[in-house]
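# Summary of structural features
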Amino acid sequence: MRRELVARIVLGAMVAAMVLPLLAIIAYLVAKGAPLISLKFLTTNPTHGMREGGIWSALLGTIYLVVIALAVSAPIGVLCAVYLNEYAKDNWLTRMINLAVVNLAGVPSIVHALFGLGAFVLFAGIGRSILAASLTLAIMTLPVIIASTKEALAAVPMSFREACWNVGASRWQTIWSIVLPNSLSGILTGVILQVSRTAGETAPIMFTGAVFFKKIQSGTLFAYSLTDQCMALSMHLYTVTTQVTNAPEPLPYAIALVLLGAVLAVNAASIVVRSLLRSRKKW
Amino acid sequence: MTASQTDNLKRPRMARSMAAILGERTIELIIRICGVSAIVFVFGIFLFVLREGAPLIGKLDWTKVLFSQEWYPTSKGNVRYGVGALIVGTLSVTGLAMLFAVPFGIGAAVFVSEFSTGKVKETLKIVIEMLAAIPSIVWGFIGLSVMNRLIQQYLPAPVGLNLLNGAILLALMSVPIIVSIGEDALKAVPDSYREAAMAMGATRWQTVYRVLFPAARNGLLAAALLGVGRAIGETMAVLMATGHAVNIPKSIFDPIRTLTATIAAELGETAVGSDHYRMLFLIGVLLFSITFVVNLLADLAVRGVRKQ
């Protein structure tokens, strides 16, 4: 019995070793960065070589990148998952696709950056721009969206589809009117989770469209155009910590806190959505 | 199980207009195209990265490149592209990180899967998800600002940005994936195994150690491998926290530099089409190949689990 107790304590300590750093990091960032954060900090552009002013241009850039990246990857990812779950037979092609999805998910972010630079910026001639950076991010998020959507589709009971086919609906009609509506919550949860991942990425956008500094018009949501380069929160944190000398001490903490806060808030939202919908499910 | 199994059932079809049928054909074609997109992208990534690096392949002395630790890509007279030290840097920081992350990750997976229930379990899973969500740039910043100072203060290290710093960050970053895949592997072991062990009078820990670990061996191996893959590919955190010195580490307090960080730090300063630029793409090909193999092995291990 003593061994049992020891095992329990050791394993518990291992869990604590993961949980405590998370709490410590959040607490430390809040303590250091929170005093600087205000509505004005969020909505004004950086000034004086990024040492003063707010983070608006970076925040807006991140929003652009995330929205465009997911607008591209969500439809492709969902349709790919529909193919895998609803159409694909168990043959070599399906196995290849599944293997490709697994490997795509494991490609290092810096290799995505090289691909984005080689394919979108140079080969396709888009140039370093929001569009090229978003497309790079889109490919990075694709495998995760495929995986989460597949799981959501697989959770719809087979009997639902059979009932629909039996009243004469074709395969696509069944997917459109039965399978997708019943798995929408799961699909959305997966996509929302990718919002936070996309917002946090730095390496893939460094060479494809994000810049250290860009002056934009403040007070409008449409300050960037697709072919512009942009600032991004993650990149801004990198810039301020490693490139800007004499930045006020709390500034990087505040930027990190905004980034982390946004990411965790999005994650929390998806967890809430998931548990709400899980409790409503009747099968 | 899958939709295809019902293919042979005869489904009554209603008469539909040509347009509706054509529309559906189009949509199904789009779905098929999206279906193979993942394959296209994996090949695309490999080909485009290789394409930028390829012209340099013939010009290099590859034994020198792979084993020399002299990385002087911008030297005026004598340019040398030895990635030996960078490979050792990547392997050492990944290895040290896994030394922390694998036992802790699997221990935490066991705790979540076997030793906790209800609310505690749900909360722990959410916390692990949160840990996984912290962006790598934030980890890098933590390494640069917090860990740097802690290491200098409490350990006999001349610099705070070193192998240990990067490894701790990488461990914290890869632990969530090890926990979640490891927990899946443990969950996949049928309850009858647990019941049989309990019926023989085994304690919970004995059950874990003697029954669940052997039964979930492949899944746990896959969890560790995916953690390795994650750590090798990580860029921003190691760029900021490891000191970025081309160096074969002699102790865990030495600064190092990884393959990923080298690309991130130098790509911005090279001219498109120059040898240095092409060399960085070749490092990308190397990274792609390493993670490809690691992921392939993890996939094979997982497939082993399913077969059981």
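The structure contained in this document is the topic of the report that follows. (Residues numbered from 1 in each chain as written. Chains lettered and ligands numbered in written order. Predicted model: local features only at pLDDT ≥ 70, side-chain atom pairs only at ≥ 80, totals over all residues.)

Helix and strand content of chain B: 12 helices and two strands. Listing every helix and strand of chain B by position from the N terminus yields α-α-β-β-α-α-α-α-α-α-α-α-α-α. The dimensions of chain B, computed from C-alpha atoms along their principal axes, are 75 × 65 × 35 Å. Relative to its 308 residues, chain B shows a buried fraction of 48%. Long-range pairs, those at least 24 residues apart, make up 73% of the contacts in chain B between residues at least 6 apart in sequence. (Helix = DSSP H or I, 4+ residues; strand = E, 2+ residues; numbered from the N terminus. Buried ≥ 20, exposed ≤ 12 C-beta atoms within 10 Å, placed from the backbone. Contact = placed C-beta atoms within 7 Å.)

Among the nonpolar cores identified, the biggest contains 190 residues, and A:Leu233, A:Ile255, A:Ala256, A:Leu259, B:Ala38, B:Leu170 and B:Ile178 are the most heavily contacted of them. For this core, the element with the most residues is helix H3 (residues 56-87) of chain A, which contributes 18 residues. Apart from the residues lying within four places of it in its own chain, the contact partners of A:Leu259 are A:Gly200, A:Leu233, A:Ser234, A:Leu237, B:Pro135 and B:Val138. (Core = buried A, V, L, I, M, F, W, Y, C linked by C-beta atoms within 7 Å.)

Counting residues at the interface gives 74 residues for chain A and 73 residues for chain B. The element that contributes the greatest number of residues to the side of chain A that touches chain B is helix H1 (residues 2-33) of chain A, accounting for 15 residues. Class assignment of the residues belonging to the side of chain A that touches chain B gives a composition of 53 nonpolar, 14 polar and seven charged. (Nonpolar A, V, L, I, M, F, W, Y, C, P; charged D, E, K, R; others polar.)

Further remarks concern helix H4 (residues 118-133) of chain B. Under the 1.5 Å per step criterion, the end-to-end length of H4(B) is 23 Å for 16 residues, consistent within 8% with the ideal 22 Å. If you check which residues of H4(B) are buried, you get B:Ile128, B:Met130 and B:Ala133. Looking at the buried residues of H4(B), the elements they touch are H1, helix H8 (171-200) and helix H11 (250-280) of chain A together with helix H6 (163-187) of chain B. (Expected span 1.5 Å × (residues − 1).)

In the contact formed by H1(A) and helix H3 (residues 84-115) of chain B, the axes pass within 8 Å of each other and the chain directions differ by 115 degrees. The pairing of H1(A) with H3(B) is recorded here as roughly perpendicular in orientation. Taken as a pair, H1(A) and H3(B) cross one another with a handedness that is left-handed. Every residue of H3(B) that contacts H1(A) at A:Arg8, A:Leu11, A:Gly12, A:Met14, A:Val15, A:Ala17 and A:Met18 is listed here: B:Phe104, B:Gly107, B:Ala108, B:Val110, B:Phe111 and B:Phe115. A per-class count over the contact of H1(A) with H3(B) returns 10 nonpolar, two polar and one charged. (Axes fitted to C-alpha atoms, helices over the stretch in contact; angles between N-to-C directions. Parallel < 35°, antiparallel > 145°, perpendicular 65-115°, else oblique. Left-handed = near helix turned anticlockwise from the far one by under 90°.)

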